[in-house]
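# Secondary and tertiary structure notes
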Amino acid sequence: MTRDDQGHFHEYRAVGREADIFENTLFSQLPGRDGIAQNRYSTEGPKEKDNTRDQGPFLSHTSLGEVAVAHNGNLTNARELRRKLSATGAIFATQTDTEVIQHLIARAEGSTLVDRLKRALPQLQGAYAFLFLSRRSEERLIAVQDPYAIRPLTIGHTREGVWYVASETCALDALGATGSRRDLRPGEMAIFGKDRVRFEQLPARERRFCIFEYIYFSCPDSVLEGDVSVYAARKRMGQYLAECYPVEADIVVPVPDSGVPAALGYAERSGIPYELGLIRSHHIGRTFIEPTKEQNDLALLLKHRASAAVLSGKRVVLVDDSIVKGNTSRKIIQKVRDAGAKEVHLRISSPPTTHSCFYGIDTPDRRKLIAAGRSVEEIAKLLGVNSLGYLTLEDVRRAIRGSSEQTKLLDRGYCDACFTGEYFHEAA
Ligand code: SF4
């Protein structure tokens, strides 16, 4: 969604992969120097594949003019707020949690968007990294981080002075934003005016950055929290797995692509050769962004082939980042066995996922999680593996810290509720 120099908003939305959607002609349909984009399914509400109405960015018309918003995260009190707003006459056009913030802005007092956000944001609970596009030239674009900084939000600029805000640094790299960059702090707001950027600090809480960003969600070429390479952290997780769960085996095989860095680390530390025993096909057509990790994994499963030439007769260490319901893992393990593997030893570069996430990673109901209420031995039996090893939370944290002295000194508060059940505010 863009805003042109006359203040008109232009939007384009579609379902599918970026490569299929972002054709050159698209940009000529979206005039203007300022814009926001969202590559994400709805944070709450229906998950139908062809539902573009519930996809961000969302546009609303307020007494301050048009305001569009893109949202990464999940508001845990959205239903309660919707009920209250509906009771006082609000009409909702979508079923998403994000629409709530637009109603709160529309009703808040204040002559600027920043003033209204200061009144509206404290009513929200949960995770939000917001990007607002406004009609007002003195607040063209506003980026807001929630009080816990649960989801990543980074700002940076090109050497020519073009500013970008993105969830991950890999997007800044892709756009050539090689000037200075930094993450927004808990409760921080960046306001992009006519010729300058200013920052405001809203009430903040103890930092609770999502630790799962390091394990699965973020791209491996991103840098999180200012100085931690996701790739290097994942590789260290694999090294620690090799130390904690050694096994006599012939090859280390990653589940592509999520298990690749950890498998490289495991192979490096154990001295067992790294082999690509599972091949991800790049010749299968269009794949949709699936609303949940599990569905996404299942879609990817269709793209995976097990190579008998690599796996036949081998004792295999299979490395993946996490197990949610276990359906995908079971199918992959069966493929590896069908390709002739003699033994399969599964190594997971995170602790058992025992609780649901309510902060923007769409894990299923707790009862569907394979690790909820089961021992590691029981899970191994259900999955049909010879052995199973999970990384401890302490080792995940150690892998994130790495060896950087600076990293050790910084305040690194994490959310790890999907592994511990320790939610830090009302879960739903
Ligand atoms: Fe991240 Fe898990 Fe916390 Fe959700 S519950 S924010 S996935 S660490």
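Residue indices follow the written sequence of each chain, beginning from 1 at its first position. Given that the model is predicted, a residue must reach a pLDDT of at least 70 before its local features are reported, and side-chain atom pairs must reach 80 or more before they are shown or counted; all residues, however, enter totals for whole chains, interfaces and linings. Note that water and hydrogens are dropped before the side-chain values are worked out from all heavy atoms of the structure.

### Some words on the sheet that holds strand β12 (residues 197–201)
Across a sheet, paired strands are connected by hydrogen bonds in the backbone, their directions being either parallel or antiparallel. What counts, and what does not: Here, any two strands with at least 2 DSSP bridges between them count as paired. Helix numbers and strand numbers start at the N terminus; a helix is a DSSP run of H or I with at least 4 residues, a strand a run of E with at least 2. Here an angle of 0 to 180 degrees is reported between the N-to-C directions of two axes, which are lines fitted to C-alpha atoms, with helices fitted over the stretch in contact. Only heavy atoms enter the contact rule, under which two residues are in contact if any of them lie within 4.5 Å.
What the six strands build is an open sheet, ordered β4-β5-β6-β7-β11-β12; its pairing is antiparallel. The open sheet terminates on both sides in strands that have one partner only, identified here as β4 (58–62) and β12. The sheet shows a mean angle of 20 degrees between the axes of neighbouring strands, taken without regard to direction. Against the sheet, helix α5 (residues 113–120) engages β5 (65–75), β6 (126–134), β7 (141–145), β11 (188–192) and β12, with an angle of about 20 degrees to β7.

### As for the side chain of R234
Stated precisely, the cut-off is as follows: Only protein chains enter the accessibility calculation, which uses a 1.4 Å probe; a residue is then buried when its area is under 20% of its type maximum, exposed when over 50%, and partly exposed in between. None of His or the chain ends enter the tally, which takes Lys and Arg as positive and Asp and Glu as negative. Think of a salt bridge as a Lys or Arg side-chain nitrogen and an Asp or Glu carboxyl oxygen that are within 4 Å of each other. Contacts described as polar in this section are N or O atom pairs within 3.5 Å, which, within protein, must combine one atom able to donate a hydrogen with one able to accept it, while residues neighboring in sequence count only if both atoms come from side chains.
With respect to the helices and strands, R234 occurs in helix α8 (residues 230–244). Salt bridges are absent for the buried R234, whose nearest opposite-charge side chain, E213, sits at 6.8 Å. At 3.4 Å, the side chain of R234 and the backbone oxygen of I215 are in polar contact. Among the polar contacts made by the side chain of R234, one reaches the main-chain carbonyl oxygen of Y216 at a distance of 3.3 Å. With residues near it in sequence (within four places) discarded, R234 still touches E213, Y214, I215, Y216, F217, S218, C219, P220, P261 and A262.

### Looking at the packing of α8 against helix α14 (residues 393–401)
Counted only if it meets this: The scheme is simple: roughly parallel for angles under 35 degrees, roughly antiparallel for over 145, roughly perpendicular for 65 to 115, oblique for anything else. Note: crossing handedness is left-handed where the near helix turns anticlockwise from the far helix by less than a right angle, and right-handed where it turns clockwise. All amino acids are sorted into three groups, where Ala, Val, Leu, Ile, Met, Phe, Trp, Tyr, Cys and Pro are nonpolar, Asp, Glu, Lys and Arg are charged, and the leftover types, Gly among them, are polar.
For the pair α8 and α14, the least separation of the axes is 8 Å and the interaxial angle reads 135 degrees. With respect to each other, α8 and α14 are oriented oblique. Relative to α14, α8 is oriented so that their crossing is right-handed. On the side of α8, the interface is formed by A233, R236, M237, Y240, E243 and C244, while α14 contributes D395, V396, R398, A399 and I400. Across the contact of α8 with α14, the residue classes tally to seven nonpolar, no polar and four charged.

### Comments concerning the site of the ligand
To keep it simple, the criterion reads: Only heavy atoms are used to decide nearness, and a residue is near a molecule or strand if one of them lies within 4 Å of it.
Around the ligand, the neighbouring residues are R151, C210, I211, F212, C357, Y359, I361, C415, D416, A417 and C418. Among the residues making up the shell around the ligand, the classes are represented as nine nonpolar, no polar and two charged.

### Observations concerning the environment of L59
Counting through the fold element by element, L59 comes out in strand β4. By relative accessible area, which is 30% here, L59 ends up partly exposed. C-alpha of L59 to C-alpha of F9: the two residues are 50 residues apart in sequence and 8.8 Å apart in space. The residues contacting L59, other than those within four sequence positions of it, are M1, F9, E11, E66, V67, A68 and Q102.

### Observations concerning the pattern of salt bridges
Enumeration over the complete set of coordinates arrives at 24 salt bridges. The shortest N-O distance in the salt bridge between E11 and R13 comes to 2.7 Å. Two residues, E248 and R315, come together in a salt bridge whose shortest N-O distance is 3.7 Å. Of this pair, E248 sits in the loop between α8 and β16 (251–254) while R315 is found in strand β19 (residues 315–320), placing the two residues 67 residues apart along the sequence. When salt bridges that share partners are traced, they join E243, R269, D395 and R398 into one network.

### Structural notes on the nonpolar core
Stated precisely, the cut-off is as follows: Buried Ala, Val, Leu, Ile, Met, Phe, Trp, Tyr and Cys residues form a nonpolar core when they are joined through side-chain atoms within 4.5 Å. The domain limits used here are those given by an automatic or database domain assignment.
Core analysis: the biggest nonpolar cluster contains 41 residues, and I211, Y214, I215, M237, V252, Y266 and I400 have the highest contact counts within it. If you list the elements that add at least two residues to this core, you get β13 (209–210), α7 (212–217), α8, α9 (260–270), β19, α14, β22 (414–415) and α16 (417–420). With six residues, α8 is the largest single contributor of residues to this core. No fewer than three residues from each of domain 1 (2–207) and domain 2 (229–409) sit in this core.

### With respect to the environment of C418
If you trace the backbone, C418 turns up in helix α16. What makes C418 buried here is its relative accessible area of 13%. Considered as a pair, C418 and F358 are 60 residues apart in the sequence and their alpha carbons are 9.0 Å apart. With residues near it in sequence (within four places) discarded, C418 still touches P352, T353, T354 and H355.

### Here's the deal with the sheet that holds β16
The parallel open sheet is built from four strands, whose spatial order is β16-β19-β20-β21. Strand pairing shows two members of the sheet lacking a second neighbour, β16 and β21 (387–390), which therefore form its edges. Taking the axes of each pair of neighbouring strands and ignoring which way they run, one obtains an average angle of 20 degrees across the sheet. In this structure, β19 lies alongside strand β20 (residues 343–348), joined through six bridges in parallel fashion. The residue of β20 that forms the bridge with R315 is E343. Where helix α12 (residues 327–338) meets the sheet, its contacts fall on β19 and β20, and the angle it forms with β20 comes to roughly 150 degrees.

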